[in-house]
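Understanding the architecture of this molecule
Below, each chain spelled out in residue letters.
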Amino acid sequence: QVQLVESGGGLVQPGGSLRLSCSASGSRFSAYTVAWYRQGPGKQRELVAQITPGDSTNYADFVEGRFTISRDNVKNTVYLQMNSLKPEDTAVYYCNARWFVFNSWGQGTEVTVSS
């Protein structure tokens, strides 16, 4: 399985932007489907966005066109560009990579949206 490390979280005002990064170590990263999940205070973990090896993407309904997931297989990195952030986006964001029976998670990066 690959090892994942998230970065890019922090404190931002409503309407602001952040770019999260998920950096992977290990082989065959280009064959993995990679997704971003999040878990807010007192809430269950939920899917935010997903990208396949063929670069097809899908998003949760609450994204509403505000976020973009992308990947750079040369850098072994997946990004989540988040614009027009809302207070309800406050959560710990986790990166997940899957390929057949392999399933890896990062440690998470905190995002706080507050005025």
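To be clear, the structure that these remarks concern was listed above.
Every chain is numbered on its own, with residues counted from 1 as its sequence reads. At least 70 in pLDDT is required for a residue's local features to be given in this predicted model, at least 80 for side-chain atom pairs to be given and counted, and no such filter applies to totals for whole chains, interfaces and linings, which use all residues. With hydrogens and water stripped out, all remaining heavy atoms of the structure feed into the side-chain values.

Regarding the nonpolar core
Where we set the bar: In plain words, nonpolar cores are sets of buried Ala, Val, Leu, Ile, Met, Phe, Trp, Tyr and Cys residues tied together by side-chain atoms within 4.5 Å. Type-normalised accessible area, obtained with a 1.4 Å probe on protein chains alone, sets the label of each residue: buried when under 20%, exposed when over 50%, and partly exposed for intermediate values. Only DSSP runs of H or I covering at least 4 residues are called helices, and only runs of E covering at least 2 are called strands; the numbering of each starts at the N terminus.
Judged by nonpolar contacts, the single largest core of 28 residues is most densely connected at Val34, Trp36, Val48, Val78, Leu80, Met82 and Tyr93. For this core, the secondary-structure elements that each account for two or more residues are β3 (18-25), β4 (33-39), β5 (46-51), β7 (67-72), β8 (77-82), β9 (91-99) and β11 (109-113).

Some thoughts on the state of the cysteines
Defined as follows: Throughout, disulfides are identified as pairs of cysteine sulfur atoms within 2.5 Å of each other.
Counted by the stated rule, this structure contains 1 disulfide. What pairs with cysteine 22 in a disulfide is cysteine 95, and their sulfur atoms sit 2.0 Å apart. The disulfide joining cysteine 22 to cysteine 95 has a torsion of about -80° about its S-S bond and is therefore left-handed. Note that cysteine 22 is positioned in strand β3 and cysteine 95 in strand β9, a separation of 73 residues in sequence. Judged by relative accessible area, which is 0%, cysteine 22 ranks as buried.

A few points about the packing of aromatic side chains
For the record, the criterion: Two aromatic rings from Phe, Tyr or Trp, using only the six-membered ring of Trp, form a pair when their centres are within 6.5 Å; if the ring planes differ by under 30 degrees the pair is stacked, by over 60 it is edge-to-face, and anything between is tilted. Here, over-ring charges are defined by two tests on the NZ atom of lysine or the CZ atom of arginine: distance to the ring centre within 6 Å, and angle to the ring normal within 35 degrees.
This structure, assessed with the given rule, holds 4 aromatic pairs. Ring geometry for tyrosine 32 against tryptophan 99: centres 5.8 Å apart, planes inclined by 45°, an arrangement best described as tilted. Of this pair, tyrosine 32 sits in the loop between β3 and β4 while tryptophan 99 sits in strand β9; the two residues are 67 residues apart in sequence, bridging distant segments of the chain. A relative accessible area of 25% means that tryptophan 99 is categorised as partly exposed. In this structure an aromatic cluster arises from ring pairing among Tyr32, Trp99, Phe100 and Phe102. Sitting above the plane of the tyrosine 37 ring, arginine 45 keeps its charged end 5.9 Å from the centroid. Over the ring of tryptophan 105 we find arginine 45; its NZ or CZ atom is 4.0 Å from the centre of that ring.

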